[in-house]
Amino acid sequence: GQSLEQPSEVTAVEGAIVQINCTYQTSGFYGLSWYQQHDGGAPTFLSYNALDGLEETGRFSSFLSRSDSYGYLLLQELQMKDSASYFCAVREGGANNLFFGTGTRLTVIP
Amino acid sequence: DSGVTQTPKHLITATGQRVTLRCSPRSGDLSVYWYQQSLDQGLQFLIQYYNGEERAKGNILERFSAQQFPDLHSELNLSSLELGDSALYFCASSVGGGRSYEQYFGPGTRLTVT
């Protein structure tokens, strides 16, 4: 089986930096993905880490530590439009699907 | 726009009924995934197809079934509907199972069972 833990809610100020953590337990592990979902919208793919380290894509970065079964999504220069739910998801060894966490609702305030 | 289409957008039906949700993947994608998202819940993986064949099953109820057709579109059939089946149902696609980490989601079908 597998389990993912994320904070349920995070609030941050516009222009600031916020980090959303994700810890996982799986019987096998291939990599960690991050998705963004605005209220009423569809999830959209943000990033994927298969190896340890930091992946940067514009204002968003994602980090993975396989030895710690831990990853995080870093959002810089926060904008009001970043208010959304953020899901981490693991791809398990031998599986062709993703298992999603319960998501972190990010609220950006002025 | 992800390129994944789902119909219908909204569906209201009564308990005990049967409905069919339809999904067309992005052009070139061979894998289709179905998810259920209840209010304030995460995405529950239901089932995956790759090029017409079932590849993975999640917590899909026996009352639910799916298939992927030769033109790669997929249908999710929900029968003997219960109030608890009310949810948002998403379809997603990826190039193949090896790229399952990068899925493209359709706009979803909101199912309301009354």
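Our subject is the structure listed above.
Residues numbered from 1 in each chain as written. Chains lettered and ligands numbered in written order. Predicted model: local features only at pLDDT ≥ 70, side-chain atom pairs only at ≥ 80, totals over all residues. Heavy atoms only, no water.

Asker: Please explain the side chain of Glu-102 of chain B as it appears in this structure.
Answerer: Tracing the chain through its elements places Glu-102 of chain B in the loop between β9 (87-94) and β10 (104-105). The class of Glu-102 of chain B is buried, set by a relative accessible area of 16%. In this structure the side chain of Glu-102 of chain B is engaged in a polar contact, spanning 2.4 Å, whose partner is the side chain of Tyr-104 of chain B. If near-sequence neighbours (up to four positions away) are discounted, Glu-102 of chain B is found in contact with Tyr-35 and Phe-45 of chain A together with Ser-93 and Ser-94 of chain B. (Helix = DSSP H or I, 4+ residues; strand = E, 2+ residues; numbered from the N terminus. Buried < 20%, exposed > 50% of the residue type's maximum accessible area, 1.4 Å probe, protein only. Polar contact = N/O pair within 3.5 Å; in protein donor to acceptor, adjacent residues only side chain to side chain. Contact = heavy atoms within 4.5 Å.)

Asker: Could you clarify how one ought to interpret the pattern of salt bridges in this entry?
Answerer: Close approach of charged atoms allows side chains with opposite charge to pair. All told, the structure shown has six salt bridges over all chains when counted by the stated rule. Where Asp-39 of chain A meets Arg-105 of chain A, a salt bridge forms, and the shortest distance between an N and an O atom there is 3.2 Å. Placement of the pair is Asp-39 of chain A in the loop between β4 (31-37) and β5 (44-49) and Arg-105 of chain A in strand β11 (residues 104-109), with a sequence separation of 66 residues. Take Asp-39 of chain A: its relative accessible area is 59%, and that puts it in the exposed class. Look at Arg-105 of chain A and you get partly exposed, because its relative accessible area is 32%. Notably, a salt bridge pairs Arg-26 of chain B with Asp-29 of chain B, separated by 2.8 Å at the nearest N-O pair. For Asp-29 of chain B, a relative accessible area of 2% gives the class buried. Salt bridges linked by common partners bring Arg-63, Glu-82 and Asp-85 of chain B together as one network. (Salt bridge = Lys/Arg side-chain N within 4 Å of Asp/Glu carboxyl O.)

Asker: Sorry, what's going on with the packing of aromatic side chains here?
Answerer: In this description, a pair of aromatic rings is defined by centroid distance and the angle of the planes. Within this structure, the stated rule accounts for 16 aromatic pairs over all chains. An angle of 10° between the planes, with centres 3.7 Å apart, marks the rings of Tyr-48 of chain A and Tyr-101 of chain B as stacked. Placement of Tyr-48 of chain A in strand β5 and of Tyr-101 of chain B in the loop between β9 and β10 is noted, with the two residues assigned to different chains. Accessibility assignment for this pair places Tyr-48 of chain A and Tyr-101 of chain B in one class, buried. Seen from their ring centres, Phe-63 of chain A and Tyr-72 of chain A are 4.9 Å apart, and the 20° between their planes marks the pair as stacked. Among the residues examined, Phe-63 of chain A registers a relative accessible area of 22% and is labelled partly exposed. Classification of Tyr-72 of chain A as buried rests on a relative accessible area of 16%. Through pairs of rings, three or more aromatic residues link up here, namely Tyr-35, Phe-45, Tyr-48, Phe-87 and Phe-100 of chain A together with Tyr-35, Phe-45, Phe-90, Tyr-101 and Phe-105 of chain B. In this structure, Arg-26 of chain B is placed above the aromatic ring of Tyr-104 of chain B, and the distance from its NZ or CZ to the ring centre is 3.8 Å. (Phe/Tyr/Trp six-rings, centres within 6.5 Å; stacked < 30°, edge-to-face > 60°. Lys NZ or Arg CZ within 6 Å of the ring centre and 35° of its normal.)

Asker: Explanation requested: the state of the cysteines in the structure shown.
Answerer: In protein chemistry, a disulfide is the covalent bond that joins the sulfur atoms of two cysteines. Residues and elements named next belong to chain A. This structure, assessed with the given rule, holds two disulfides over all chains. One disulfide bridge connects Cys-22 with Cys-88, the sulfur atoms lying 2.1 Å from each other. Given an S-S torsion of about 75°, the disulfide between Cys-22 and Cys-88 has right-handed geometry. Highlighted residues: Cys-22 in strand β3 (residues 18-26) and Cys-88 in strand β9 (residues 84-91), separated in sequence by 66 residues. For the residue pair Cys-22 and Cys-88, the accessibility class agrees, reading buried in each case. (Disulfide = S-S within 2.5 Å.)

Asker: Honestly, the nonpolar core in this entry has me stumped. Any pointers?
Answerer: Nonpolar side chains in soluble globular proteins tend to be buried together. The biggest cluster of nonpolar side chains holds 22 residues, and the ones touching the most others in it are Leu-32, Trp-34, Leu-75, Tyr-86 and Leu-106 of chain A. Broken down by secondary-structure element, the contributors of at least two residues to this core are β2 (9-13), β3, β4, β7 (60-65), β8 (70-75), β9 and β11 of chain A. Residues within four places of Tyr-86 of chain A in sequence aside, it is in contact with Gln-6, Ile-20, Tyr-35, Gln-36, Leu-46, Phe-60, Leu-73, Leu-75, Gly-103, Thr-104 and Leu-106 of chain A. Core analysis: the next-biggest nonpolar cluster, separate from the first, contains 21 residues, Leu-46, Ile-47, Tyr-49 and Cys-91 of chain B among them. (Core = buried A, V, L, I, M, F, W, Y, C linked by side-chain atoms within 4.5 Å.)

Asker: Hey, could you run me through unusual backbone geometry in this one?
Answerer: Peptide bonds are trans in most cases, and residues, glycine excluded, mostly fall at negative phi. A cis geometry characterises the amide bond from Thr-7 of chain B onward to Pro-8 of chain B, with omega recorded as -10°. On the secondary structure map, Pro-8 of chain B appears in the loop between β1 (5-7) and β2 (10-13). Even without being glycine, Glu-77 of chain A reaches a positive phi, approximately 45°. Here Glu-77 of chain A shows up in the loop between β8 and β9. For Glu-77 of chain A, a relative accessible area of 55% translates into the label exposed. Positive phi is not limited to glycine here, since Leu-72 of chain B has a value of about 80°. Checked against the element boundaries, Leu-72 of chain B lands in the loop between β7 (64-68) and β8 (74-78). When its relative accessible area of 16% is taken as the criterion, Leu-72 of chain B is described as buried.

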